[in-house]
Amino acid sequence: MIDVDPAATAPHPVRTLVMGVLNVTPDSFSDGGRWFDPAVAVDHGRDLIAQGADIIDVGGESTRPGCERTPVEEEVRRVLPVVQALSVEDTALSVDTMRSQVAEKVIDAGATIVNDVSGGLADPDILRVCAGADVDLVLMHWRGQSASMQTLTDYDDVVADVITELSRQVDAALAVGVARERIIVDPGIGFAKTAEHNWQLLRAADAFQDAFADLRVLWGVSRKGFLGQLLAGSRGPRPAMGRDAATAAITSYCALHGAWAVRTHEVRDNRDACETVAALRG
Ligand code: PMM
């Protein structure tokens, strides 16, 4: 097994890292409710670490399409105890939030990565908070809140448009003082995108990597709806829990195409996939 330091800022480590998803929510699309109790969530986080997660990504607000916002106090109530408890583990801790108030609190509690799926657009103060702290910042391509995002899928050329729009988000972060090497970019698979857009972005992984050549690239495809559509049977789309093999296949593909990290619900097989690709690449 190859150890990689999640705090190192080189865009292409010898092995792609695995960010394990820990959703402390009652309603996330694939695992909503399973880890809602803080003690159960902490146990699951430790389990993901034991399975090989390099980073744990704690989220307290579901971003599934159509979803309404979680009140800020409730988001803090969900994530803070889990971050506090996991901060003693020897694993990088990321928090999936679009809110500056939440980011401030979890940074104080030991989070080392802020994963903002809105890429600084939902609450621009989050950029200032991250600029003033010792954290990495994930900027994901985003066009609007979950309640409306699937109406925001008009693109001239999805690959070029995502690169242009995400570059603007990167520039906004740089403008308030976030250091370039602390920025991680993510194309936002499934966010304001149709299934075909997701496939086009994945096929263009090299172009995406080239456009952000000096930055780390994170991909989040795990169990997403377009995989359910791909694997649909006579009873409709394959349920989320049956999409892990497809997820691991895409993990291998992203690793081969230079991803810094993948964000996945299932960790063991995805870590194995990253190890295997690292061996293949020599
Ligand atoms: N996807 C989800 C949530 N957070 N963060 C990043 N950086 N990239 C993603 O693709 C992403 C994310 C939605 O999945 P979930 O509800 O299962 O966590």
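The shown structure was predicted, so the numbers you read here are calculated from the model rather than taken from an experiment.

*Asks:* Give a description of the pattern of salt bridges that names residues and reports values.
*Replies:* The tally for this structure, following the rule as stated, stands at 20 salt bridges. Salt-bridge contacts for Arg 46 lead to Glu 89; the nearest nitrogen and oxygen are separated by 2.9 Å. With a gap of 43 residues between them, Arg 46 in helix H1 (residues 38–50) and Glu 89 in the loop between helix H2 (72–86) and strand S3 (92–96) connect regions that are remote in the sequence. One salt bridge connects Asp 136 with Arg 182, and the closest N-O pair in it is separated by 2.9 Å.

*Asks:* Help me get a handle on the layout of surface pockets, residues and values and all.
*Replies:* Volume-wise, the largest pocket comes out at about 520 Å³. Lining the largest pocket are 35 residues, and of these Phe 29, Pro 65, Ile 189, Phe 191 and Lys 224 lie nearest its centre. Put simply, the parts of the chain that give the lining of the largest pocket at least two residues each are strand S1 (17–23), helix H6 (195–203) and helix H8 (225–230). A per-element tally of the lining of the largest pocket places H8 first, with 3 residues. Residue lining of the second largest pocket: 16 residues in total, with Pro 6, Thr 91, Ala 92, Leu 93 and Thr 112 positioned closest to the centre. Taken together, the residues of the lining of the second largest pocket sort by class into 5 nonpolar, 4 polar and 7 charged.

*Asks:* If you had to explain H2 to someone new, which residues and values would you point to?
*Replies:* Because each turn of an α-helix spans 3.6 residues, side chains separated by three or four positions end up pointing in the same direction. In a regular helix each residue adds 1.5 Å, so 15 residues correspond to 21 Å; H2 covers 21 Å between its end C-alpha atoms and thus fits that length. Inspection of H2 places Val 72, Glu 74, Glu 75, Val 76, Arg 78, Val 79, Leu 80, Val 82, Val 83 and Leu 86 among the buried residues, and these make up the whole buried set. The inward-facing, buried residues of H2 abut S1, H1, strand S2 (55–59), S3 and helix H3 (100–108).

*Asks:* Account for the nonpolar core, with residues named and values stated.
*Replies:* Core analysis: the biggest nonpolar cluster contains 71 residues, and Val 58, Val 185, Phe 208 and Trp 219 have the highest contact counts within it. Counting residues in each nonpolar core, the second largest holds 11 residues, with Val 4, Ile 113, Ile 184 and Trp 260 among its members.

*Asks:* An account of empty space enclosed by the protein is requested, with residue identities and associated values reported.
*Replies:* Per the counting criterion, the structure on display carries 1 cavity of 30 Å³ or more. For the lining of the largest cavity, the residue count by class is 2 nonpolar, 2 polar and 2 charged.

*Asks:* Help me get a handle on the site of the ligand, residues and values and all.
*Replies:* As a structural note, the neighbourhood of the ligand is formed by 16 residues, with Asp 96, Asp 186, Lys 224, Arg 263 and His 265 the closest of them. At 3.1 Å, a side-chain N or O of Asn 23 approaches an oxygen atom of the ligand. Within the side chain of Lys 224, an N or O atom sits 2.7 Å from an oxygen atom of the ligand. Within the complex, the protein chains bury 97% of what would otherwise be the 410 Å² of accessible surface of the ligand. One can see that the ligand is located within the largest pocket. For the shell around the ligand, the secondary structure elements donating two or more residues are S1 and strand S5 (136–140). Taken together, the residues of the shell around the ligand break down into 7 nonpolar, 5 polar and 4 charged.

*Asks:* Go over the pairing of strand S4 (residues 113–116) with me, naming the residues and quoting the values.
*Replies:* Residues Ile 113 and Asn 115 point to one face of S4 and Val 114 and Asp 116 to the other, with burial holding for every one of them. Read from S3 through H3 to S4, the crossover connection turns out right-handed. Direction of pairing for S4 relative to S5: parallel, over a ladder of 4 bridges. Paired with Ile 113 across the strands is Asp 136, a residue of S5. Remark: the S4/helix H4 (residues 125–131)/S5 crossover connection has right-handed handedness.

*Asks:* Explain the pairing of S2 to me, using residue names and the numbers behind them.
*Replies:* Regular strands place side chains that alternate from one sheet face to the opposite one. Among the 5 residues of S2, 5 are classified as buried, and the element is accordingly described as predominantly covered. By the alternation rule, side chains of S2 split into Ile 55, Asp 57 and Gly 59 and Ile 56 and Val 58, which are all buried. In this structure, S1 lies alongside S2, joined through 5 bridges in parallel fashion. The residue bridging Asn 23 from the neighbouring strand is Gly 59, located in S2. In the sheet, S2 pairs with S3 via 5 bridges, with the strands oriented parallel. The residue of S3 that forms the bridge with Ile 55 is Ala 92.

*Asks:* Account for the sheet that holds S1, with residues named and values stated.
*Replies:* One closed barrel accounts for 8 strands, arranged S1-S2-S3-S4-S5-S6-S7-S8; its pairing is parallel. Sheet twist, expressed as the average angle between the axes of neighbouring strands with direction ignored, equals 25°. Note: strand S6 (residues 183–186) against strand S7 (residues 216–219), 2 bridges, orientation parallel. Residue Ile 184 lies in a different strand from S7, and its bridge partner there is Arg 216. Here helix H5 (residues 158–175) sits on the sheet and contacts S5 and S6; the angle it forms with S5, its principal contact strand, is near 150°.

The rules behind these values
- Note that residues are indexed from 1 along each chain, following the sequence as it is written.
- Residues qualify for local features only when their pLDDT is at least 70, as the model is predicted, and side-chain atom pairs are given and counted only at 80 or more; totals for whole chains, interfaces and linings, by contrast, use all residues.
- Side-chain numbers come from the whole structure's heavy atoms, not from hydrogens or water.
- What counts as a salt bridge is simple: a side-chain nitrogen of Lys or Arg found within 4 Å of a carboxyl oxygen of Asp or Glu.
- Note on conventions: DSSP H or I runs of at least 4 residues are helices, E runs of at least 2 residues are strands, and numbering of each starts at the N terminus.
- Here the term cavity refers to a set of points on a 1 Å grid, laid over the protein atoms alone, in which a 1.4 Å probe fits but cannot get out; the term pocket refers to an open set having protein on both sides within 12 Å along at least five of seven lines, with lining residues being those that place an atom within 4 Å of a point.
- Grid points are joined across faces, edges and corners, and a volume is the space filled by probe spheres set on the points.
- Amino acids are sorted into nonpolar (Ala, Val, Leu, Ile, Met, Phe, Trp, Tyr, Cys and Pro), charged (Asp, Glu, Lys and Arg) and polar (every other residue, Gly among them).
- A helix is expected to reach a length of 1.5 Å times the quantity of its residues less one.
- Here's how the labels work: a residue is buried when its accessible area is under 20% of the maximum for its type, exposed when over 50%, partly exposed in between, all with a 1.4 Å probe on protein chains only.
- Note on contacts: a residue pair qualifies if any of its non-hydrogen atoms lie within 4.5 Å across the two residues.
- In this text, buried Ala, Val, Leu, Ile, Met, Phe, Trp, Tyr and Cys residues form a nonpolar core when linked through side-chain atoms within 4.5 Å.
- Nearness is defined per residue: one heavy atom within 4 Å of the molecule or strand is enough.
- Here a polar contact is recorded for every N or O atom pair within 3.5 Å, except that within protein the pair must consist of a potential hydrogen donor and a potential acceptor, and residues adjacent in sequence are included only if both atoms are side-chain atoms.
- Surface accessibility in these figures is a Shrake-Rupley result with a 1.4 Å probe; residues are shielded only by whichever protein chains are displayed.
- Here the criterion for a molecule occupying a pocket or cavity is that more than half of its atoms lie within 2 Å of the pocket grid points.
- The handedness rule is simple: strands pointing away from the viewer, and a clockwise path from the first strand over the helix to the second, make the crossover right-handed.
- One requirement defines pairing of two strands: DSSP has to find at least two bridges between them.
- Lines are fitted to the C-alpha atoms to define the axes, a helix being fitted only along its stretch in contact, and any angle between axes, read from their N-to-C directions, falls within 0 to 180 degrees.

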